[in-house]
Each structure stands twice: as C-alpha cells, then as structure tokens.
Amino acid sequence: METVSRLVSQIASHLLSLNGPRKVLESRRMEDKALEVYDVIRTIRDPEKPQTLEELDVVSEKSVEVQELGEEEYLITIKFCPTVPHCSLATLIGLCLQVKLQRCLPFKHKLEIYISEGTHSTEEDINKQINDKERVAAAMENPNLREIVESCVTEPDD
C-alpha cells in the first residue's frame, strides 16, 4: 500500500510540474496579445492636442489587460487616464479606443474600457457610456463626431 501511495504522489507531483510551464506559456501569450492591443491604441491622437494618447500618458502598456475567454476569444480591458480630472473629451477618447480596436484587431474579442479609478470627476458615468454598445453606435451615426473620431484613429500614413 505504501508503494502505491508513493507512486500516486510521484505522478501527482509530475502532473503539477507540467502545469507550471503551461501557465508560463499562457501568461506569455496574454502579454503578447496585450502588446498587440497596445500597439493599436498607442497611435490614437488626442482630440484636442497634436500628440498621441501614448505621448500624453493617457494609455500605457500597463493599461491593457487580456484574458482568454475561450478558443481564440479574448477579454480586453483597457484603463485609460485622462490628462485632467475634468477632461471634457474623456468620452470621446473612449469612443476612439472602441472604434480603433473594433476595426484593427484580427481576433475575436470582448472589449471593456474604463477610466482609471480616481482620475476623472465623472468616471462612473463615462464608463457606462463608453461600454454601452447602443450609445457607441448612436455616437458614430453623428457626422460631426464620426469625423472627429476618424481624424483621431486614422494613422498618419493612411
């Protein structure tokens, strides 16, 4: 009986040790996906300033998180930081993030965009707006808003 117990213990230890490398590979894959997402959003231009969201530190690599939902389907969470706590264009920045990612990501995904906690005076209201698909669709039907979004998300060499 002791031999069987030792054998079971060794097999269990071996199986657990195999999970470690798998988790490392999974973590690396999610980091790669997050960098892919960041590469898409970093070049979005601010609606008021000539700089990009990356240059203004509105987004950074740390602001993007990716989790696997299923086979080749991912949950992307972005937390951005407006330049000032009363930024009147925070909703527009969120809209630009939504539009650019929907257009540019080559894999199936669910998108959640939030203002970083404590960085805007009305973050809760804005978070609801930028994650409401109907509001996003309605905003993109407005020709003036659509033109602003297009100017922000279009790459300089497009």
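Thresholds applied
- Residues numbered from 1 in each chain as written.
- Predicted model: local features only at pLDDT ≥ 70, side-chain atom pairs only at ≥ 80, totals over all residues.
- Heavy atoms only, no water.
- Helix = DSSP H or I, 4+ residues; strand = E, 2+ residues; numbered from the N terminus.
- Buried < 20%, exposed > 50% of the residue type's maximum accessible area, 1.4 Å probe, protein only.
- Contact = heavy atoms within 4.5 Å.
- Areas by Shrake-Rupley, 256 points an atom, 1.4 Å probe, with all protein chains shown as cover.
- Pairing = 2+ DSSP bridges.
- Right-handed = clockwise from strand over helix to strand, strands pointing away.
- Core = buried A, V, L, I, M, F, W, Y, C linked by side-chain atoms within 4.5 Å.
- Axes fitted to C-alpha atoms, helices over the stretch in contact; angles between N-to-C directions.
- Phe/Tyr/Trp six-rings, centres within 6.5 Å; stacked < 30°, edge-to-face > 60°.

K.L.:
With reference to specific residues and values, describe the overall build of the protein.
P.N.:
The helix and strand inventory of the protein stands at five helices and three strands. Beginning at the N terminus, the succession of helices and strands in the protein can be written as α-β-β-α-β-α-α-α. Burial status across the protein gives 35% buried among its 158 residues. Counted over contacts in the protein with a minimum sequence separation of 6, partners at least 24 positions apart contribute 63%. For the protein, the accessible area works out to roughly 10100 Å², and carbon and sulfur atoms hold 52% of it.

K.L.:
Give a description of the pairing of strand 2 (residues 73-80) that names residues and reports values.
P.N.:
With six of eight residues buried, strand 2 is to be regarded as a mostly interior element. Both strand 1 (residues 64-70) and strand 2 contribute to a ladder of six bridges, which runs antiparallel. In the sheet register, Gly70 faces strand 2, and the bridge partner there is Glu73. Linking strand 1 back to strand 2 in an antiparallel pair, the connection comprises two residues, with Glu72 at a positive phi of about 55°. As paired elements, strand 2 and strand 3 (residues 108-115) share eight bridges and run parallel to each other. Pairing of Leu75 across the sheet is with Lys110, part of strand 3. In the classification by handedness, the crossover that spans strand 2, the intervening helix 2 (residues 90-104) and the parallel strand 3 is right-handed.

K.L.:
Could you give an account of the nonpolar core, naming the residues involved and the relevant values?
P.N.:
One finds Val37, Ile41, Ile78, Phe80 and Leu97 to be the most contacted residues of the largest nonpolar core, which totals 38 residues. Top contributing element to this core by residue count: helix 2, with eight residues. Not counting chain neighbours up to four residues away, the residues in contact with Ile78 comprise Val37, Ile41, Ser63, Val64, Leu97, Leu101, Leu111, Glu112, Ile113 and Tyr114.

K.L.:
Describe unusual backbone geometry, with residues and values.
P.N.:
Phi at Asp57 takes a positive value of approximately 60°, unusual for a residue other than glycine. Structurally, Asp57 is set in the loop between helix 1 (2-41) and strand 1. Under the relative-accessibility criterion, Asp57 is labelled exposed at 59%. With phi around 55°, Glu72 is a residue other than glycine that occupies positive phi space. Within the secondary structure layout, Glu72 lies in the loop between strand 1 and strand 2.

K.L.:
Kindly report on the environment of Leu101, identifying the contributing residues and their values.
P.N.:
Inspection of the secondary structure assignment puts Leu101 in helix 2. Overall, Leu101 belongs to the buried group, its relative accessible area being 0%. Leu101 sits 60 residues away from Ile41 along the chain, and the two C-alpha atoms are 7.2 Å apart. With residues near it in sequence (within four places) discarded, Leu101 still touches Val37, Val40, Ile41, Ile78, His109 and Leu111.

K.L.:
Please set out the sheet that holds strand 1 residue by residue, giving values where relevant.
P.N.:
In space, the three strands of this open sheet follow the order 1-2-3, with mixed pairing throughout. Edge positions in the open sheet fall to strand 1 and strand 3, since each of these has one partner strand only. Sheet twist, expressed as the average angle between the axes of neighbouring strands with direction ignored, equals 20°. Against the sheet, helix 2 touches strand 2 and strand 3, its axis set at about 165° to strand 3. Against the sheet, helix 3 (residues 123-130) makes contact with strand 2 and strand 3, and its axis sits at roughly 160° relative to strand 3, the strand it touches most.

K.L.:
Talk me through the packing of aromatic side chains; I want residue IDs and the actual numbers.
P.N.:
Tallied over the full model, the rule gives one aromatic pair. Measuring from ring centre to ring centre gives 5.2 Å for Tyr74 and Phe107, while their planes differ by 80°; the resulting arrangement is edge-to-face. A residue pair is termed long-range when its members are at least 10 positions apart, and Tyr74 in strand 2 and Phe107 in the loop between helix 2 and strand 3 qualify at 33 residues. Residues Tyr74 and Phe107 agree in their burial class; the two are buried.

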